[in-house]
Amino acid sequence: MDNRDAVSAFLRSRREKITPEQAGLPAYGPRRVPGLRRGEVAALAGVSVEYYTRLERGSLRGVSDGVLDALARALRLDDTERAYLHDLARAAGPAPGTRTRRRAARPTVRPSVLRIVAGMPGLPAYVMNGRLDTLAANDLGRALYAPMYADPACQGNVARFAFLSPGATRFYQDWEVMARFAVGALRVEAARDPHDRELSDLIGELSTRSDPFRVMWGSHDVHVFRQSTKRLVHPVVGSLELDQETMALPDGSGLSVVVYSAPAGTPAEDALTLLASWDATPAHGRDADASGNPPPGRH
């Protein structure tokens, strides 16, 4: 898989976001394009204009870590963007056409990880891979994301839910922020493992079926889920403001454990308690509620 287009678009998009003033450079006369010129980036990175031009045309094959780091400093990349640039360079290593797409083996969620997730009954928790598939969840995690699990078209994938399910914009109060984070996370995974056929199929599906995804994908922004605040509107318990922590497993599997919590004494804590009680009711009494219609009297 040739990633030169992704490299070119990423470097150009980062260059166009930086003004000469931000880079500590004098700005002389009008500019036909936003951001820095190629020559200015080259000077800041300590390379020739010809060499930087080759890089921005997508050729990262064989570029040293030192040059990549200098480029990251010149373009004022954050830690996630810097790691993404290095992943793009690693993926460009073999000559184009020497590797083909492969169907990635699904990492096995270790029994010990499953026990940890199940052992937090008061906190929604699930295990997620880089494609944003939820591979396992505890009971409260499934209850919190009931609208996603109730839609078989989502296949337990957070990105499919965000972009293809009509209920997602009601579920996420900050839908656009969440959607951009999801797109950025898929971009990171695409650079880390560009030969994953399931990932490229997912990106192709979302690009074909969702105009917002296609526009956001074109921005070339990247994101890694760590900690954040999620504002959700659950169809049963109403509004919740939850802290999300995402903890990558240290085994190289690419899996993460995602846990939601609420500060003690807050309405969100009460809502989680109510949600756990709802989840404990017989399944036939919950199915209609999970479809996205709140029970009578609850808003």
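Thresholds applied
Residues numbered from 1 in each chain as written. Predicted model: local features only at pLDDT ≥ 70, side-chain atom pairs only at ≥ 80, totals over all residues. Heavy atoms only, no water. Pairing = 2+ DSSP bridges. Helix = DSSP H or I, 4+ residues; strand = E, 2+ residues; numbered from the N terminus. Axes fitted to C-alpha atoms, helices over the stretch in contact; angles between N-to-C directions. Buried < 20%, exposed > 50% of the residue type's maximum accessible area, 1.4 Å probe, protein only. Polar contact = N/O pair within 3.5 Å; in protein donor to acceptor, adjacent residues only side chain to side chain. Contact = heavy atoms within 4.5 Å. Parallel < 35°, antiparallel > 145°, perpendicular 65-115°, else oblique. Nonpolar A, V, L, I, M, F, W, Y, C, P; charged D, E, K, R; others polar.

## Side note on the sheet that holds strand β5 (residues 256–261)
Spatially, β2-β1-β5-β4-β3 is the arrangement adopted by the five strands of the open sheet, whose pairing is antiparallel. Of all the strands in the sheet, the pair left with one neighbour each is β2 (134–137) and β3 (227–234). Taking each pair of neighbouring strands and ignoring which way they run, the sheet shows an average axis angle of 30 degrees. Bridge analysis of strand β1 (residues 125–128) against β2 gives three bridges, and the strand direction is antiparallel. Counted as the bridge partner of Val 127 is Ala 136 from β2.

## A short note on the side chain of Glu 56
Mapped onto the elements, Glu 56 comes out in helix α3 (residues 49–56). Among the residues examined, Glu 56 registers a relative accessible area of 1% and is labelled buried. Of note is the side chain of Glu 56, whose polar atom sits 2.4 Å from the side chain of Tyr 52. Apart from residues lying up to four places away in sequence, Glu 56 is in contact with Ser 8, Leu 11, Arg 12, Arg 15 and Arg 38.

## So, the pairing of strand β4 (residues 238–248)
The sheet contact formed by β3 and β4 spans eight bridges and is antiparallel. Residue His 234 lies in a different strand from β4, and its bridge partner there is Gly 238. From the end of β3 to the start of β4, which pair antiparallel, there are three residues. Of the pairings in the sheet, the one linking β4 to β5 comprises six bridges and is antiparallel in character. From the neighbouring strand, Gln 244 faces β5, where its bridge partner is Tyr 260.

## Looking at the packing of helix α2 (residues 38–45) against α3
One can describe the packing of α2 onto α3 by two numbers: an axis separation of 9 Å at closest approach and a directional angle of 110 degrees. Classified by the angle between their axes, α2 and α3 sit roughly perpendicular to one another. Packed against α2, whose contacting residues are Arg 38, Gly 39, Val 41 and Ala 42, the element α3 presents Val 49, Tyr 52, Thr 53 and Glu 56 at the interface. Residues that form the contact of α2 with α3 fall into these classes: four nonpolar, two polar and two charged.

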